[in-house]
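# Observations on chain architecture
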Amino acid sequence: MKNILLIGLGRFGRHIALQLNKLGHEVMAVDSNEERVNKILPIVTNAQIGDSTNTEFLKSLGIGNFDVCIVTIGGNFQNSLETTSLLKELGAKLVVSRAERDVQEKFLLRNGADEVIYPEKQVANWAAIRYTADHVRDYIEVDEAHAIFEVEVPEGWIGKTVGVLDIRRKYSINIMATKENGKINMAVSPDTVLTDNITLLVLGAYKELQKCFRI
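What you are looking at is a predicted structure, and each value in this text was computed from that prediction instead of being measured.

## Points about the pattern of salt bridges
Note on pairing: side chains with opposite charge can pair once their charged atoms come close. Applying the stated criterion across every chain yields a total of eight salt bridges. With a shortest N-O distance of 3.8 Å, Glu56 and Lys59 are connected by a salt bridge. Of this pair, Glu56 and Lys59 both sit in helix α3 (residues 55-60), three residues apart, roughly one helical turn.

## Here we look at the environment of Pro154
Position of Pro154 relative to the elements: it lies in the loop between β8 (146-152) and α7 (162-165). For Pro154, a relative accessible area of 24% translates into the label partly exposed. With 12 residues separating them along the chain, Pro154 and Val142 place their C-alpha atoms 23 Å apart.

## Things to note about the confidence of the model for the protein chain
The predicted model of the protein chain has a mean per-residue pLDDT of 88, with 92% of residues at 70 or higher. Within the protein chain, helix α6 (residues 119-130) has the poorest average pLDDT of any element, 65, and strand β4 (residues 68-71) the best, 97.

## Comments concerning unusual backbone geometry
The phi angle at Asp166 is positive, at roughly 50 degrees, despite the residue not being glycine. For Asp166, the location among the structural elements is in the loop between α7 and α8 (167-171). On the basis of relative accessible area, Asp166 is assigned to the partly exposed category, the value being 27%. Even without being glycine, Asn181 reaches a positive phi, approximately 55 degrees. Within the secondary structure layout, Asn181 lies in the loop between β9 (174-180) and β10 (183-185).

## Details of the side chain of Glu150
With respect to the element layout, Glu150 can be found in strand β8. We classify Glu150 as buried; its relative accessible area is 10%. A distance of 2.9 Å separates polar atoms of two side chains, one belonging to Glu150 and the other to Thr199.

## Some remarks on helix α4 (residues 77-89)
Along its 13 residues, α4 runs 18 Å from first to last C-alpha, staying within 8% of the 18 Å computed at 1.5 Å per residue. What α4 keeps buried is the set Ser80, Leu81, Thr83, Thr84, Ser85, Leu86 and Leu87. For α4, the elements touching its buried residues are β1 (3-7), α3, β4, β5 (95-98) and α5 (102-110).

Thresholds applied
Residues numbered from 1 in each chain as written. Predicted model: local features only at pLDDT ≥ 70, side-chain atom pairs only at ≥ 80, totals over all residues. Heavy atoms only, no water. Salt bridge = Lys/Arg side-chain N within 4 Å of Asp/Glu carboxyl O. Helix = DSSP H or I, 4+ residues; strand = E, 2+ residues; numbered from the N terminus. Buried < 20%, exposed > 50% of the residue type's maximum accessible area, 1.4 Å probe, protein only. pLDDT = per-residue confidence, 0-100. Polar contact = N/O pair within 3.5 Å; in protein donor to acceptor, adjacent residues only side chain to side chain. Expected span 1.5 Å × (residues − 1). Contact = heavy atoms within 4.5 Å.

Rendered as structure tokens:
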């Protein structure tokens, strides 16, 4: 369990708060809008109305006590940037800030953000891959060059073992797990036989994944 400071309670911020609650984390939620704060109270540990660009207000929260500070302010990049910078100045251990455009990501990283989340871009990338490749079930971006794909077993692989296919040597792709009826099996060995009843969770570079699975 971690102590999380969540600043900005728009739609994206509320979704994060809900997931953090499900995971059992302690969440302090902050927004300048009283209505938003009142709505979030049932699913967070505590919530306060306040201006996150005010140094004294942030100091009163005890920034150094939080494991992660997440800034999800939308629609006012100046406030997001100032909040991010102040959090770092006040001793925040880890600051994760939301960007809505590429240029914002660069400014946030230069002004205190340890990491930047770009939900619109990330969802767009996911949708473009998920809905244009018939055999791709899901996809998780690891970094700019690598990803984890959930894919159907190619027809030519059915009935063969992982060892015989030798995918790691041929494509530098790792088969991490198999999935059947929603259950993941991490026990993949060279003797694992691939069938059309399962999907594969594979990790590799985008270029190799695209080549291997014809994406």
